[in-house]
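Listed here are the chains, written in short residue letters.
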Amino acid sequence: MIALLALPLTLLSLQQQAGASIAQRLAGRVSPELASLVVELGTAASARGLPIDPLIEKAIEGSAKGVPAERVATAVRLVAMQLDTAAAALREGGAVPDTLEIAAGGFAITAGLSGSDITALARTGAKAPALTVGLRVAGTLAALGVPPAEDIGLVSVTLRSGEPSADLLLLPAHVQSEVAKGVTPAQAAAGLARAAAAQARHGPPPGRGQGHPHPPAPPHP
Amino acid sequence: MSGHEFHPLVKQLLDGDITLADLPPELRGEGEAALRLLAAVDRTDISMPAVTWRVMTTLERRRRRFLPWLLAPALAIAAALVILLRPTPPAPTAALVTVRFVLVAPDAKQVSLAGTFNQWDAQVTPLVRTGATGVWTATLTLPAGQHQYAFVVDGVRWVPDPGAPAVDDGFGRRNSVLTL
Amino acid sequence: MRSGPQAADGEIVRAVLAGDRERYARLVERYRDRYARYAARMLGSADAAEDALQDAFVRAFDQLAQCKDPDNFIGWFFLILRNRCFAERRRNRTSASLDAANDVAAEDRTDGGAESAERRRALQLALMELTPDQREVFVLKHVEGLSYNEIAERLSTSVPSLKMRMHRAYDKLREQLRDHT
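Residues numbered from 1 in each chain as written. Chains lettered and ligands numbered in written order. Predicted model: local features only at pLDDT ≥ 70, side-chain atom pairs only at ≥ 80, totals over all residues.

### Considering the overall build of chain C
Alright, step 1. When helices and strands are tallied, chain C shows 9 helices and 0 strands.
Alright, step 2. Going through the 181 residues of chain C one by one, you find that 39% of them count as buried. (Helix = DSSP H or I, 4+ residues; strand = E, 2+ residues; numbered from the N terminus. Buried ≥ 20, exposed ≤ 12 C-beta atoms within 10 Å, placed from the backbone.)

### Description of the overall build of chain B
Alright, step 1. Regarding its fold elements, chain B presents 4 helices and 8 strands.
Alright, step 2. Mapped in sequence order, the helices and strands of chain B form the string α-α-α-α-β-β-β-β-β-β-β-β.
Alright, step 3. Burial analysis of chain B (180 residues in total) assigns 31% to the buried set.
Alright, step 4. Sequence separation of at least 24 residues holds for 51% of the intrachain contacts in chain B that already meet a minimum separation of 6. (Contact = placed C-beta atoms within 7 Å.)

### Observations concerning the nonpolar core
What tends to happen in soluble globular proteins is that the nonpolar side chains get buried as a cluster.
Alright, step 1. The biggest cluster of nonpolar side chains holds 145 residues, and the ones touching the most others in it are Val 38 of chain A together with Ala 39 of chain C.
Alright, step 2. If you tally residues by element for this core, the top one is helix α4 (residues 69-92) of chain A, at 13 residues.
Alright, step 3. Residues contacting Val 38 of chain A, with those up to four places away along its chain left out, are Ile 22, Leu 26, Leu 55, Ile 56, Ala 59 and Val 76 of chain A. (Core = buried A, V, L, I, M, F, W, Y, C linked by C-beta atoms within 7 Å.)

### Some words on unusual backbone geometry
Glycine aside, residues mostly have negative phi, and peptide bonds are mostly found in the trans state.
Alright, step 1. Backbone torsion omega between Ala 128 of chain A and Pro 129 of chain A reads -5 degrees, so that peptide bond is classified as cis.
Alright, step 2. Within the fold, Pro 129 of chain A resides in the loop between α6 (115-122) and α7 (130-143).
Alright, step 3. With a phi close to 55 degrees, Gln 119 of chain B is a non-glycine residue in the positive phi region.
Alright, step 4. With respect to the secondary-structure elements, Gln 119 of chain B resides in the loop between β2 (111-115) and β3 (128-130).
Alright, step 5. Gln 119 of chain B gets classed as partly exposed once you count the C-beta atoms within 10 Å, which come to 17.

### So, the pairing of strand β5 (residues 146-153) of chain B
Residue and element names in this part refer to chain B.
Alright, step 1. Across the 8 residues that make up β5, a large majority, 8, are buried.
Alright, step 2. Neither face of β5 is exposed, since Gln 146, Gln 148, Ala 150 and Val 152 on one face and His 147, Tyr 149, Phe 151 and Val 153 on the opposite face are all buried.
Alright, step 3. Here 5 bridges tie β2 to β5, and the two strands are oriented antiparallel to one another. Bridge pairing in β5 links Leu 113 to Phe 151.
Alright, step 4. Strand direction decides the pairing type here: β5 and strand β8 (residues 174-179), joined by 4 bridges, are antiparallel. Within β8, the position partnered with Gln 148 by the bridge is Val 177. (Pairing = 2+ DSSP bridges.)

### A word on the pairing of strand β4 (residues 135-143) of chain B
All names here are of chain B.
Alright, step 1. Examined bridge by bridge, strand β1 (residues 96-104) and β4 share 9 bridges and lie antiparallel to one another. Residue pairing across strands places Val 104 opposite Val 135, the latter belonging to β4.
Alright, step 2. Both β3 and β4 contribute to a ladder of 3 bridges, which runs antiparallel. Residue Val 128 lies in a different strand from β4, and its bridge partner there is Thr 137.

### A closer look at the packing of helix α2 (residues 32-47) of chain A against α4 of chain A
Residues and elements named next belong to chain A.
Alright, step 1. Direction vectors running N to C along α2 and α4 enclose 10 degrees, while the axes themselves pass 10 Å from each other. Regarding the angle of α2 to α4, the classification is roughly parallel. On α4, the residues touching Glu 33, Leu 34, Leu 37, Val 38, Leu 41 and Ala 45 of α2 are Ala 69, Val 72, Ala 73, Val 76, Arg 77, Ala 80 and Leu 83.
Alright, step 2. Its residues assigned to classes, the contact of α2 with α4 shows 11 nonpolar, no polar and 2 charged. (Axes fitted to C-alpha atoms, helices over the stretch in contact; angles between N-to-C directions. Parallel < 35°, antiparallel > 145°, perpendicular 65-115°, else oblique. Nonpolar A, V, L, I, M, F, W, Y, C, P; charged D, E, K, R; others polar.)

### With respect to the environment of Ile 118 of chain A
All names here are of chain A.
Alright, step 1. Within the secondary structure layout, Ile 118 lies in helix α6.
Alright, step 2. Taking the C-alpha atoms as reference points, Ile 118 and Ala 86, 32 residues apart in sequence, are found 7.0 Å from one another.
Alright, step 3. If we ignore the near neighbours within four places in the chain, the residues touching Ile 118 are Ala 86, Ala 89, Leu 90, Gly 105, Ala 108, Leu 113 and Leu 135.

### Regarding helix α3 (residues 53-64) of chain A
Residue and element names in this part refer to chain A.
Alright, step 1. Compared with an ideal rise of 1.5 Å per residue, which puts 12 residues at 16 Å, α3 spans 16 Å between its outermost C-alpha atoms and is within 8% of the ideal.
Alright, step 2. For α3, a buried count of 10 out of 12 residues is recorded, marking the element as mostly surrounded by other parts of the structure.
Alright, step 3. Looking only at α3, the buried set comprises Pro 54, Leu 55, Ile 56, Glu 57, Lys 58, Ala 59, Ile 60, Glu 61, Gly 62 and Ala 64.
Alright, step 4. Among the residues trailing α3, Gly 66 stands out with phi positive, at a value near 75 degrees. (Expected span 1.5 Å × (residues − 1).)

### Concerning the environment of Phe 61 of chain C
Alright, step 1. Following the sequence through the fold, Phe 61 of chain C ends up in helix α3 (residues 46-62).
Alright, step 2. Note on Phe 61 of chain C: 18 C-beta atoms within 10 Å, which makes it partly exposed.
Alright, step 3. Sequence separation between Phe 61 of chain C and Leu 17 of chain C is 44 residues, and the spatial gap between their C-alpha atoms is 9.2 Å.
Alright, step 4. When neighbours within four sequence positions are excluded, Phe 61 of chain C is seen to be in contact with Leu 59 of chain B together with Tyr 24 of chain C.

### Points about the packing of α7 of chain A against helix α9 (residues 165-180) of chain A
Residues and elements named next belong to chain A.
Alright, step 1. Two elements in contact, α7 and α9, have axes whose closest approach is 9 Å; the angle formed by their N-to-C orientations is 5 degrees. Taken together, the axes of α7 and α9 are roughly parallel relative to one another. Contact with α7, carried on its side by Ala 130, Val 133, Gly 134, Val 137, Thr 140 and Leu 141, involves Ser 165, Leu 168, Leu 169, Leu 171, Pro 172 and Val 175 of α9 and no other residues of that element.
Alright, step 2. Looking at the contact of α7 with α9 residue by residue, the classes come out as 9 nonpolar, 3 polar and no charged.

### Description of the confidence of the model for chain B
Alright, step 1. For chain B, per-residue confidence averages 81 on the pLDDT scale, and 80% of positions sit at 70 or higher.
Alright, step 2. Note that residues 65-93 of chain B has pLDDT below 50 and, in this model, 36 contacts with residues that lie over four places away or in other chains. (pLDDT = per-residue confidence, 0-100.)

### Structural notes on the confidence of the model for chain C
Residue and element names in this part refer to chain C.
Alright, step 1. Looking at chain C, pLDDT values average 82 and 81% of them are 70 or higher.
Alright, step 2. For the stretch residues 104-110, pLDDT sits under 50, and the model shows 16 contacts to residues farther than four places along the chain or on other chains.
Alright, step 3. The complex model carries a pTM of 0.51, and its ipTM stands at 0.81.

Structure, rendered in structure tokens:
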């Protein structure tokens, strides 16, 4: 009973801290009503061990885009749900995720991957920061149109081979350049996975470290 | 009166129809005991912020057909007890990456960049038009990590980067993704 | 959440029925705490109350087209919540009592100290021994502060029958609390 009485007070002070810092970051960027909703959601999320940056960023984004507050609120709630899904999926895969990993998992879900996909990545046994980067890259590959099976296959084999994060981060660019040659994203990812499994390596693209040229946009028709 | 029942007048006192002063002297003691009982009523307000989120996600879930096990209500409550054991992430790396953003928009009068790295503010990161061919560029130095962004054309049109991976922004549009 | 006066309940209900689902969150936000206390006192547990509120709001959304008077969403919603609270299956006596005790103890923050916390706990336990009807009239009058007339209107019953329920509740509470002290 004493422990039960002590715990809520501790939660209260941590929650108060979380609430104040959230409010500060939203001030002047979202309407007061939306801000108080995000403080509520963020405080509750923080108490569950979830990152709050994704919630704050989504609220600011929606307000900047002129979206009606109700819709922004729904989007923020969806982000919270995706973070919960990611956290559960990571734990299911044996990870003890930190907030960066959960945020990365949440992004992967936004990009279209499922809880099972995230669990599969966690099961590779990779730890932070490699797992965090792996999740971000998996989401990015999904955003490029790589189907989940090929996506998780490529990232898993790369994580298992103990590649440094720099090589993981190159995967989306490799897929893009293969796609530019005419193959589908699925084929590109599968090809890369085979190459990684055979321990072939691509050299780093020119300019890495001095600057990272973003692929230029193709001319508009 | 002895027994387990309150005197009818004391019940009227409890109902608020009469006051303690209205009771005959022999009932004052019972009346005071009755009021002490009422004073023990817990009237503290209860706030349940999680209910809104839980309701809306339940409604959303039925639309999107997520796996049910991922939304067990017990998760929210069990996780609250884990707060003191939550691992903190390692200090963020200081790595910075220089990135060049390009948009071909010959008809635009003004193009800017808005994203997670500048609070989605369409005013603070303008692109520069190079020559007459309608190629707009900006070069930024960004921290390693995950970023989302879009171009803002003429202050009103939000356009994702055609050359970049894209995700649903939750508002009916797409954001571009930059993973550094 | 536009600037200016808040939308009336009726307007929000009509908007939701017309397809703007997201605005339902406004109604949830507006009323969820108002009945959180009622549900917690009725069910003896904040956790059970949260579940009941969630279920009731979801059910109200599903049945929104049957809300005959959208401007009185709150009265209609209360009945749905009430049904949900009454339908709650009583878990075995021991666990229900423990929940009630823990909740009251956890909520005790500043007033009175250990002795009044103990009395609050004892009263909440005693309330759980009443029938749901008796507990409800007690909670609505002495926790929520409604008058007999207001309760009668809400429950579509008469003041005399409410008083009869309440007076039996008083006697049962007295009996319960004498046994405890």
